[in-house]
Each structure stands twice: as C-alpha cells, then as structure tokens.
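# Results of the structural survey
Chain by chain, the residues run as shown.
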Amino acid sequence: IDVNQYQLIESKQQYLSFIGRIAPIKGTHIAIEVAKRSGIPLKIAGDIQPAFRDYFEAKIKPHLDGNFIEYIGLADLNAKNELLGNSLAMLFPIQWNEPFGLVMVEAMACGTPVLAMPGGSVPEIVRDGISGYVCRTVPQLVRHVKNLHFDPVALRQYVNDNFSLDRMVSRYVELYQRALAESPGSKAA
C-alpha cells in the first residue's frame with residue numbers, strides 16, 4: 001500500500017472496528033460476539049450485498065443499537081482512516097482462506113493492531129505480538145482485546161518494512177533480476 005495515504009493515530013478511542021463485506025465468511029457475527037464478551041463497543045463498516053441480506057437481517061441487524069454495536073455503512077479512504085486509526089484494534093475473524101486481506105495492512109498503517117482468526121494469508125500478515133494476534137477461538141480474541149499493548153508507531157513501521165509500495169517494488173526487482181540471472185543464455189547462468 002501507499003502508506004502515506006493512511007493517517008497514523010497514536011491516541012486510540014475505546015472501540016473496536018470491523019471492515020469488510022457483511023457476510024458469514026467474513027465473520028461479522030463473530031466480531032459482534034467478541035465486542036459483547038469483551039465489553040468494548042464495535043463499529044462496523046462494509047457492504048451489504050443482496051446475496052447476504054438475509055444474513056444481515058438475521059445475524060447482524062438485531063444487535064445494532066447505534067451505540068455499542070454500530071453500523072456505519074461503506075468506508076472510503078477518509079472513513080477508513082478515521083475508523084481504523086481511532087480504533088483500539090481491528091477484528092478480522094474470517095471464516096475462509098482470505099487471499100490477502102488488504103484491510104489488515106491498512107489498519108496497521110494507521111497504527112492499529114489486528115486480531116484475526118487464521119485462514120489464508122492471515123498468518124503471513126499478522127505477526128503475533130508485533131502487529132496483532134492470530135487467534136483460533138472467540139475466547140482467545142476476547143482475551144487479547146482486553147490486553148492490548150501495541151505501539152502505533154511500531155505497527156506503522158511494520159507496514160513500511162513489509163507491505164509498502166517501496167518494499168513491493170524492491171522485491172519485484174530482486175525477483176526479476178534473479179529470474180534473468182537464472183534464465184538460459186544468461187551470462188550469469
């Protein structure tokens with residue numbers, strides 16, 4: 001990501017965040033459970049697609065009170081900066097093999113740790129104790145929510161070191177150079 005598009009906020013507010021499609025595989029219902037069990041409010045942002053309207057009506061909407069569990073709708077870059085940047089932690093309780101999960105990196109760029117369930121790329125992105133925690137159960141998520149001790153500046157540096165545009169470009173250049181050096185007819189081969 002272009003880290004400069006994300007605002008580092010060091011002083012957090014007392015709420016958790018969730019950003020993603022409102023769908024069973026994204027675990028929105030689990031984020032609500034974690035908030036309720038931890039006693040920390042939750043702000044939810046994301047798209048309610050027609051295919052998941054019944055899920056929203058049955059599993060999400062009954063919990064929305066506009067105060068403790070709040071649905072704020074879609075989030076553009078400005079809304080993501082505010083929502084993620086001010087949040088104590090972003091919940092990412094996915095229930096499938098997420099290919100990447102860009103919002104995890106966006107949260108960290110804002111100085112906010114990610115509390116996620118394993119699946120797909122999550123263990124490659126979230127480093128336990130460094131950028132958040134990978135948890136297998138709701139009780140583990142709740143325990144970590146209650147014991148958050150992360151340095152927002154260090155979280156942003158983690159993104160700079162591992163997921164910034166500069167890092168991606170330099171890794172691609174290294175890969176291309178290695179491929180060229182190993183290709184048939186290369187003088188280095």
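Residues numbered from 1 in each chain as written. Predicted model: local features only at pLDDT ≥ 70, side-chain atom pairs only at ≥ 80, totals over all residues. Heavy atoms only, no water.

Here the structure, examined in full by the defined rule, presents 5 aromatic pairs. Between Tyr133 and Phe150, the ring centres sit 5.6 Å apart and the planes meet at 70°, which makes this aromatic pair edge-to-face. Taken together, the residues span a long stretch of sequence, with Tyr133 in strand β6 (residues 132-134) and Phe150 in the loop between α6 (138-145) and α7 (152-163) at a distance of 17 residues. Classification of Phe150 by relative accessible area gives buried; the value is 17%. Aromatic rings pair up to connect Phe100, Tyr158 and Phe163 into one cluster. (Phe/Tyr/Trp six-rings, centres within 6.5 Å; stacked < 30°, edge-to-face > 60°. Helix = DSSP H or I, 4+ residues; strand = E, 2+ residues; numbered from the N terminus. Buried < 20%, exposed > 50% of the residue type's maximum accessible area, 1.4 Å probe, protein only.)

For the rest of this paragraph, the subject is the sheet that holds strand β1 (residues 16-19). Here we have 6 strands laid out as an open sheet, ordered β3-β2-β1-β4-β5-β6, and parallel in their pairing. Each edge of the open sheet carries a strand with a single partner, namely β3 (69-73) and β6. The sheet shows a mean angle of 20° between the axes of neighbouring strands, direction not considered. In the sheet, strand β2 (residues 42-45) pairs with β3 via 4 bridges, with the strands oriented parallel. Note on β3: the bridge partner recorded for Leu42 is Ile69. With respect to the sheet, helix α1 (residues 28-38) is in contact with β1, β2, β3 and β4 (89-92), its orientation differing from that of β2 by roughly 165°. The sheet strands contacting helix α3 (residues 77-86) are β1, β2, β3 and β4, and the helix crosses β1 at an angle near 145°. (Pairing = 2+ DSSP bridges. Axes fitted to C-alpha atoms, helices over the stretch in contact; angles between N-to-C directions. Contact = heavy atoms within 4.5 Å.)

Time to look at empty space enclosed by the protein. Inspection of every chain in the model, using the stated rule, returns 1 cavity of 30 Å³ or more. Of the volumes computed, that of the largest cavity is approximately 30 Å³. The wall of the largest cavity is formed by Phe18, Ile19, Gly20, Lys26, Phe92, Pro93 and Ile94. (1 Å grid on protein atoms, 1.4 Å probe; cavity = no way out; pocket = protein on both sides within 12 Å on 5 of 7 lines; lining within 4 Å. Points joined across faces, edges and corners; volume = space filled by probe spheres on them.)

By themselves, these figures tell us nothing about what the structure is for.
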